[in-house]
Structure formats: C-alpha cells, structure tokens
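Examination of the molecular architecture
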Amino acid sequence: MTLEYTKAFELITDKLEEELKKSGYTREKVAADDESELAALFTSENVAYSVIYVKDKQQMILRTCPMTAEEGPDNDWKTLSTWLYDDFVSTQKDAESIANDFIDGVSGTVAIKRAKQTKSKKKKSDDGNADPKFLAKRFVTVFPELREEIQMEEDCYYPFRGATFAKEHIAPKLPAYIKSSNGKELEKLANIFSLQYSNGDVDTRAVITTVLINSLDQGEYDKISEKFSDELKVAARFARKYKDKTVKPEVVKVKKPSKFSTLRDQQS
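Residue indices begin from 1 for each chain and proceed along its sequence in written order. The predicted nature of this model means local features are confined to residues of pLDDT at least 70 and side-chain atom pairs, given and counted, to a pLDDT of 80 or more, with totals for whole chains, interfaces and linings taken over all residues. Only hydrogens and water are removed before side-chain values are computed, so all heavy atoms of the structure are retained for them.

Focus on the pairing of strand β3 (residues 47-54)
Burial classification: accessible surface area is computed with a 1.4 Å probe over protein chains only, and a residue below 20% of its type maximum counts as buried, one above 50% as exposed, and the rest as partly exposed. Helix and strand assignments come from DSSP, with helices taken as H or I runs of at least 4 residues and strands as E runs of at least 2, each series counted from the N terminus. Across the eight residues that make up β3, a large majority, eight, are buried. Of the two faces of β3, the one lined by Val 47, Tyr 49, Val 51 and Tyr 53 and the one lined by Ala 48, Ser 50, Ile 52 and Val 54 are each fully buried. For two strands to be treated as a pair, DSSP must find no fewer than two bridges joining them. Of the pairings in the sheet, the one linking strand β2 (residues 37-43) to β3 comprises seven bridges and is antiparallel in character. Following the sheet pairing, Leu 38 is matched in β3 by Tyr 53. In textbook terms, the turn of a hairpin is the stretch between consecutive antiparallel strands, and for β2 and β3 this stretch comprises three residues. The pairing of β3 with strand β4 (residues 59-68) spans eight bridges and is classified as antiparallel. Within the sheet, the bridge partner assigned to Tyr 53 lies in β4 and is Met 60.

Some details on the packing of helix α5 (residues 146-156) against helix α6 (residues 162-170)
Between two packed helices, the angle of one axis relative to the other and the distance separating the axes together describe the packing. Between α5 and α6, the shortest axis-to-axis distance is 12 Å and the interhelical angle comes to 145°. Handedness of the crossing formed by α5 with α6: right-handed. Residues Leu 146, Glu 149, Ile 150 and Glu 153 of α5 lie in contact with α6, whose contacting residues are Phe 165, His 169 and Ile 170. Residues are grouped as follows: Ala, Val, Leu, Ile, Met, Phe, Trp, Tyr, Cys and Pro are nonpolar; Asp, Glu, Lys and Arg are charged; all remaining types, including Gly, are polar. Its residues assigned to classes, the contact of α5 with α6 shows four nonpolar, one polar and two charged. Helix axes are fitted only over the stretch in contact, all axes being lines through C-alpha atoms; the angle between N-to-C directions runs from 0 to 180 degrees. By definition, turning the near helix anticlockwise from the far helix through less than a right angle yields a left-handed crossing, and turning it clockwise yields a right-handed one. Throughout, a residue-residue contact means that at least one pair of heavy atoms, one from each residue, lies within 4.5 Å.

Observations regarding the pairing of β4
Burial runs high along β4: eight of the ten residues are buried. The pairing of β4 with strand β6 (residues 78-84) spans six bridges and is antiparallel. Bridged to Arg 63 within β6 is Thr 79. With two bridges joining them, β4 and strand β5 (residues 72-73) adopt antiparallel strand pairing. Across the sheet, the residue bridging to Met 67 is Pro 73, located in β5.

Considerations on the environment of Lys 55
Within the fold, Lys 55 resides in the loop between β3 and β4. Classification of Lys 55 as partly exposed rests on a relative accessible area of 30%. In this structure the C-alpha to C-alpha distance between Lys 55 and Glu 35, which are 20 residues apart in sequence, comes to 9.1 Å. Apart from the residues within four sequence positions on either side, Lys 55 is in contact with Tyr 5, Glu 35, Ser 36, Glu 37 and Leu 38.

A few points about the side chain of Gln 59
By the element assignment, Gln 59 lies in strand β4. You can call Gln 59 buried: its relative accessible area is 16%. In this structure, Gln 59 is in contact with Ile 52, Tyr 53, Val 54, Thr 82, Trp 83 and Leu 84, ignoring residues within four places of it in sequence.

Some words on the packing of aromatic side chains
Ring geometry is summarised as follows: Phe, Tyr and Trp rings, the Trp one being its six-membered ring, pair when their centres sit within 6.5 Å, and such pairs are stacked at plane angles under 30 degrees, edge-to-face over 60 and tilted between the two. All told, the structure shown has seven aromatic pairs when counted by the stated rule. Ring geometry for Phe 139 and Phe 193: centres 5.4 Å apart, planes at 75°, overall edge-to-face. Here Phe 139, found in the loop between α4 (132-138) and α5, pairs with Phe 193, found in helix α8 (residues 183-199); they are 54 residues apart in sequence, far enough to count as distant. Residue Phe 139 shares its accessibility class with Phe 193, and that shared class is buried. Ring geometry for Phe 160 and Phe 165: centres 5.3 Å apart, planes at 45°, overall tilted. Taken as a pair, Phe 160 and Phe 165 share a single burial class, namely buried. Each residue in the set Phe 139, Phe 193 and Phe 228 is aromatic and connected to the rest through ring pairs, giving one cluster. Over the ring of Trp 83 we find Lys 188, and its NZ or CZ is 4.8 Å from the ring centre. When the NZ atom of lysine or the CZ atom of arginine is within 6 Å of a ring's centre and also within 35 degrees of its normal, the charge is said to sit over that ring.

Thoughts on helix α9 (residues 202-212)
Buried residues of α9: Thr 204, Val 207, Ile 208, Thr 209, Val 211 and Leu 212, and no others. Where α9 is buried, its residues meet α4, α6, α7 (174-180), α8 and α11 (230-240).

What follows is the structure, given as structure tokens:
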C-alpha cells in the first residue's frame, strides 16, 4: 500500500528527531523557502541538519551545515543523502528505509567527527570527511543486501576495510544494475557517486574512482558517467587512464654523500 509523501515526510522526520534528541538536538519550527518543498530543521550548538522534500523532483534530501552563534545555520548546506520518493508507488516500507538511512547519516563516527570539526574555524580548503564505511552505507539505498554485508564486515574486521569491501561487495553488483536500470534509477546511482566523491575524504575518493568506477567496462562507464557531477567526470576520466594498469612505485634515489661528509666520517 502506497504512502502519501506528506505522511512519509512526517514519518521520516519524526524518526530522525527521536534519534537526534539523544545527542541534544532540537527540532525548530520552520517553513520551507519554496511552496514546492517540505522542510524540517534540527539544530545543536555546532551542527544543523535539514530534511527537504522537493515535490517536483520527488526527492527526499538530508543536508547538514555548521551553526553560527549569531544567526543559527550558516546555510552552507552539504547534501548527505538523496532518495527518490514517488508516492504513487512508494510505500511505508520505503519511507522507513529512508528514515534508517538518514539516521545512519547523523549518527556514528562520521557524525561525531563532523560535530568536532565545526567547533573549529572553517578552513578555506573544505575537504570532505566522509570515510569509506560511510560510502558503503550510501549504497544500501540501491543494494539493500549490503546492510547485512556491512554488519558482517564490522563484526569481523577492524578497522573497516573500505577498498576491499568495495571491491568484493559493491563493484560486482554495479554492472547488472547499470544494465537494467531506467533513467531515474541510473540518476540515483550516479548521484550517490557524485555526492560521496564531493563529501568524501581522500580514501573515499580513491575507492570511488580506482576501485568502483574502474571496475566498470567501457559500455557501463559510458552509460553512467554522463550523469556524474562535473567534478567527478574529471576525476573519473583521469582514473580511467590507469584502468587495468600496474603503476610502479616511485623509486627513491639515494643521495650520495658529499666529498666533505665522506672525509669528515673518515676522520671521526
């Protein structure tokens, strides 16, 4: 049975509020900036989270930004997760999956790191901080079976083997999905790649390009890469140059001792 988007939005934001209260967040009374959107805002001393539903795009979006002491959220929003929610076909189960995904996005080590970082002054070079485990969890929205596989990885290995997990569990699932997906499904997958590349740390970006994107054959790559963000398109084109190639490690030249140092050593 389908669930109307306003009720789905209420379900998702209520569950998120319940989780965020545990960390001292407050739900603010806000109205959306646009009549074509629904909005919810949660704030703490250092971080704000927002859930937006964009009606014409049928997208449920989780965003975050730092808080300022004077004006509240600084509105430099970063998107953490995006889901398609079409209430002609989506059900309460779909809404609950979105809620669980959003809860994952605001809890755990990445969220704690995010809160700590916003306590310090924002740097001009605003590098991402989402790690490979966070990346893996984003793909649960496309491959639900990953949730159990991620749990098994966490139970068996520490720290989380981001590159190995991506190679063994995510990469093999991509070809069939890309081949069978329609336009919206392909856009959803490309959006995950683009957003997580933008928000990811150095390890996450490497997993996206050298492990996942380079696991695709040329036809699969051509089909999805046209939907990548401009930033990821550039990175992906560069990474593809090294597909199936073994990169030799840099040979460090040993600096020969100078004549002066040799004489000095002989005298000592």
